[in-house]
Amino acid sequence: MAPSIGVSEFYAGKTIFITGATGFMGKVLIEKLLRCCPDLKRIYLLMRPKRGQNTKERLDDFINCRVFDYLQDKSPKAFDKITVIQGDILQEDLGISIQDWDLLQKETEVLFHCAACVRFDMFIRDAVNMNTVGTLKVLKLADGMKKLEVFVHVSTSYCRCEVHTLEERLYPAKHRPQDVIECVKWMDDDLLTYLQPKLIDPQPNTYAYTKSLTEDLVSQYVGKYPIVIARPSIVTAAYKEPLPGWVDNMNGPTGLLVGAGKGVIRTMHCNDSYSADVIPVDMAVNACILLSYLTALEKPKEVRICNITQSGNNSITWGQALDMGRIHVQEFPFSVCLWYPGGSPKSSKVQHLIAAFFTHLLPAYFVDLIMFLMGKKTFMIKIQKRVSYGLDVLQYYTTKEWFFNNDNYRALSKQVSKVDNEIFYTNLEVMNWSAYIRNYIKGAREYCCKEDPATLPQARKLHRQLYYLDKAVQFVIYFLVAYFIYYYIIRFFC
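Let me begin by describing the structure that accompanies this report. (Residues numbered from 1 in each chain as written. Predicted model: local features only at pLDDT ≥ 70, side-chain atom pairs only at ≥ 80, totals over all residues. Heavy atoms only, no water.)

**Looking at the pattern of salt bridges**
So, step 1. Counted under the stated rule, the structure contains 24 salt bridges.
So, step 2. Linking Asp121 and Arg119 is a salt bridge whose minimum nitrogen-to-oxygen distance equals 3.0 Å.
So, step 3. A salt bridge links Asp323 to Arg326; the shortest N-O distance between them is 2.5 Å. Separated by three residues within a single helix, Asp323 and Arg326 lie in helix 12 (residues 318–328), roughly one turn from each other.
So, step 4. Its relative accessible area of 33% is what places Arg326 among the partly exposed residues. (Salt bridge = Lys/Arg side-chain N within 4 Å of Asp/Glu carboxyl O. Helix = DSSP H or I, 4+ residues; strand = E, 2+ residues; numbered from the N terminus. Buried < 20%, exposed > 50% of the residue type's maximum accessible area, 1.4 Å probe, protein only.)

**Points about the packing of helix 12 against helix 17 (residues 433–448)**
The axes of two packed helices give the description: the angle between them and the distance between them.
So, step 1. One way to put it is that helix 12 packs onto helix 17 with a least axis distance of 9 Å and a crossing angle of 55°. The pairing of helix 12 with helix 17 is recorded here as oblique in orientation. Relative to helix 17, the crossing made by helix 12 is right-handed. Residue-level inspection shows Ala321, Met324, Gly325 and His328 of helix 12 in contact with helix 17, the latter providing Trp433, Ser434, Ile437, Arg438 and Ile441.
So, step 2. For the contact of helix 12 with helix 17, a count of residues per class yields five nonpolar, three polar and one charged. (Axes fitted to C-alpha atoms, helices over the stretch in contact; angles between N-to-C directions. Parallel < 35°, antiparallel > 145°, perpendicular 65-115°, else oblique. Left-handed = near helix turned anticlockwise from the far one by under 90°. Contact = heavy atoms within 4.5 Å. Nonpolar A, V, L, I, M, F, W, Y, C, P; charged D, E, K, R; others polar.)

**A closer look at the sheet that holds strand 3 (residues 82–86)**
So, step 1. Taken in spatial order, the seven strands of this open sheet run 3-2-1-4-5-7-11, and their pairing is parallel. Only two strands of the sheet have a single partner each, and these edge strands are strand 3 and strand 11 (304–308). If you compare each strand with its neighbour and ignore which way they point, the axes differ by 20° on average.
So, step 2. Alignment of strand 4 (residues 110–113) against strand 5 (residues 150–154), held across four bridges, turns out to be parallel. Within the sheet, the bridge partner assigned to Phe112 lies in strand 5 and is Val152.
So, step 3. On top of the sheet, helix 3 (residues 55–63) reaches strand 2 (42–47) and strand 3; it is set at about 125° to strand 3, its chief contact. (Pairing = 2+ DSSP bridges.)

**A look at helix 5 (residues 98–107)**
So, step 1. Of the residues making up helix 5, those classed as buried are Trp101, Leu104, Gln105 and Glu107.
So, step 2. Those residues of helix 5 hidden inside the fold are in contact with strand 1 (15–19), strand 2, strand 3 and helix 6 (124–143).

**A closer look at a nonpolar patch on the surface**
So, step 1. There is a patch of nonpolar side chains on the surface, built from Phe475, Val476, Phe479, Leu480, Tyr483, Phe484, Tyr487 and Tyr488 and spanning about 860 Å² of accessible area.
So, step 2. Note on placement: Tyr488 falls in helix 18 (residues 456–493).
So, step 3. Judged by its relative accessible area of 52%, Tyr488 falls in the exposed class. (Patch = residues over 30% accessible without salt bridge, like charges linked within 9 Å, V, L, I, M, F, W, Y side chains within 5 Å. Areas by Shrake-Rupley, 256 points an atom, 1.4 Å probe, with all protein chains shown as cover.)

**Observations regarding the packing of aromatic side chains**
The relation between two aromatic rings is expressed through the spacing of the ring centres and the mutual angle of the planes.
So, step 1. For the coordinates displayed, the defined rule picks out 20 aromatic pairs.
So, step 2. A centroid spacing of 5.1 Å and a plane angle of 35° characterise the contact between Phe120 and Tyr207, whose relative ring orientation is tilted. One end of the pair, Phe120, is in the loop between strand 4 and helix 6; the other, Tyr207, is in helix 9 (residues 206–219), and 87 residues separate them in sequence.
So, step 3. Residue Phe120 is classed as partly exposed on the basis of its relative accessible area of 23%. (Phe/Tyr/Trp six-rings, centres within 6.5 Å; stacked < 30°, edge-to-face > 60°.)

**Thoughts on the state of the cysteines**
So, step 1. All chains considered together, the criterion is met by zero disulfides.
So, step 2. Distance from the sulfur of Cys161, which forms no disulfide, to the nearest cysteine sulfur (Cys159) is 7.9 Å.
So, step 3. Cys449 forms no disulfide, and the closest cysteine sulfur to it belongs to Cys448, at a distance of 6.2 Å. (Disulfide = S-S within 2.5 Å.)

**Topic: a positive patch on the surface**
So, step 1. Among the surface-exposed residues, Lys41, Lys106, Lys146 and Lys147 lie close enough to one another that they form a single positively charged patch.
So, step 2. Mapped onto the elements, Lys41 comes out in the loop between helix 2 (24–36) and strand 2. (Lys, Arg positive; Asp, Glu negative; His and termini not counted. Charge placed at Lys NZ, Arg CZ, Asp CG, Glu CD.)

**Focus: the pairing of strand 11**
So, step 1. A large share of strand 11 lies buried, amounting to five of its five residues.
So, step 2. Burial of strand 11 is two-sided: the residues Arg304, Cys306 and Ile308 facing one way and the residues Ile305 and Asn307 facing the other way are all buried.
So, step 3. Where strand 7 (residues 227–232) and strand 11 come together, five bridges link them in parallel fashion. What sits directly across from Ala230, in strand 11, is Cys306.

What follows is the structure, given as C-alpha cells:
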C-alpha cells in the first residue's frame, strides 16, 4: 500500500543538503527535485570555492548547464531556492564556515551524500581521504542536524567485486575504516605504495575498496537517524529526463561509445555475451528520491540498502550494446573522426592485444610520423596511451559477470502511488535499448563533444568518405597479402 502522502507532498517545505552537487548524478538530482517537488523550501549545495568567482557567480555558472534548460524556460524562479554553501569535502569540517555549519545543522531535513571520486587509479591515500574521510566529515555534520529525517549515501553496486552475487545487505569491510584512516595519515607514500595491493585485495582498485570501507563506516551510525545506502551500477546517459541521452562526462561506456564512434577505439577486451549492467542516470536519481521518501516515512531501525541495477530485468549484453552502437553511429556520426568506426570486441586477451597493436598502436605511430614530417605537433600516441589505459580499467568490468539481488529496487514501483510511479519512474522493463543507445550517441555527440546538430549533414558526408577509404585500405591490404602468398608459393613450387 502506498503511503498516505505523495513524494511531492513529503518534500513540501523541506530543506535539503546535497554534496557532490556538481557531479553527474548531483545535477540530475537537483533538477528533478526542483521540477517535480516545486514546494520544497530550500536546497543547500556544497561547492568548492573557485578562483575569481564568488558564490553567486559560481551558482550562475552552474545553473547555465544544459541539464537545467527546461527549468530556465518554464520555472526560472525555482533557482531562487538554491543556496551555495562554500566548502570542500577534503578540508577540515568540510571547509564550511561556523555560520553555515550551524545553519545546516539547524535546517537540514534530508541529506543526499553524492560526493565521491570515481577515478579507479587514485593513490590509496587520496581515495581514502576523498571517499571515506570525506564521508566521515559529512556524518559528523549530520550528527548535529536537529531535524534530519533521512541520510542517503550514494555508493556503488561494485563495492564488493569479489562477491559473485551481491545481496541487498551490509558486507563488513575487510578492514576497520577508522584504522585505515589512521594508517593513511602517518604512513609515507613509499610505504603506502608497497602496501596498497595487499590492502585492497581482492578489490581491483582503490575506488571499490574505499566504497566498501565507506559503507561500513556509514552503517556505524545506524540508530542516530534513518540511513539509506543506494548502490547504482554503471550510471549512464539519461533515459528520458532532463533530456533524452543527456550525459556530461566521458567516463566508462560514454568514453567507449565516443572513442569507437570517432574510430579511435577499434578493439576492446570483453565477453560480449555478459550482461552490461548499466542504469540510466534519471532512473538512479528517481530511485534515490523514492528511497529517501519511503525511509523517512517508515523510519526503519536498520540501514536500508538498495542495489539500483538492471540485473535480470530487461538486461542487455555488451555484444548487443556494441552492435546497436554501430548502427546508430551511422545516423549520428561525429564531425571529427580519425577513421571509420569499426573493429570488434575480443573475448581473448591475446587477440585483443594483437588487434590493438595493428589497429591502435601502429596507426598512431604512422599518424604522428606524418605530423612530424609536416612540422606539426604530434598527438596520436598520447591519445592512444589514454585509450589503452581506459580500456584496461574498463575491461575488468567487461570480462566478468556479476549478479545483483535487486528486489528492493524492483519493489519501489509497487510501494508508491500510480502518479508518483509515473513521475519517479524506475521500471527498466519498459526500456527499448536500441532507442536508448540511439539517444545516447546523439547525446554524447551534442552534450559531451559539443557538436551542433547543424553539423550532421557534413559529418554524414565525412562518414561515407571514411567508409570508402576504409574499404579501399582493406582491399589493398588483402591484395598485398594475397600477392605475397601467391608470389612465395609460386617461387617455392617452381
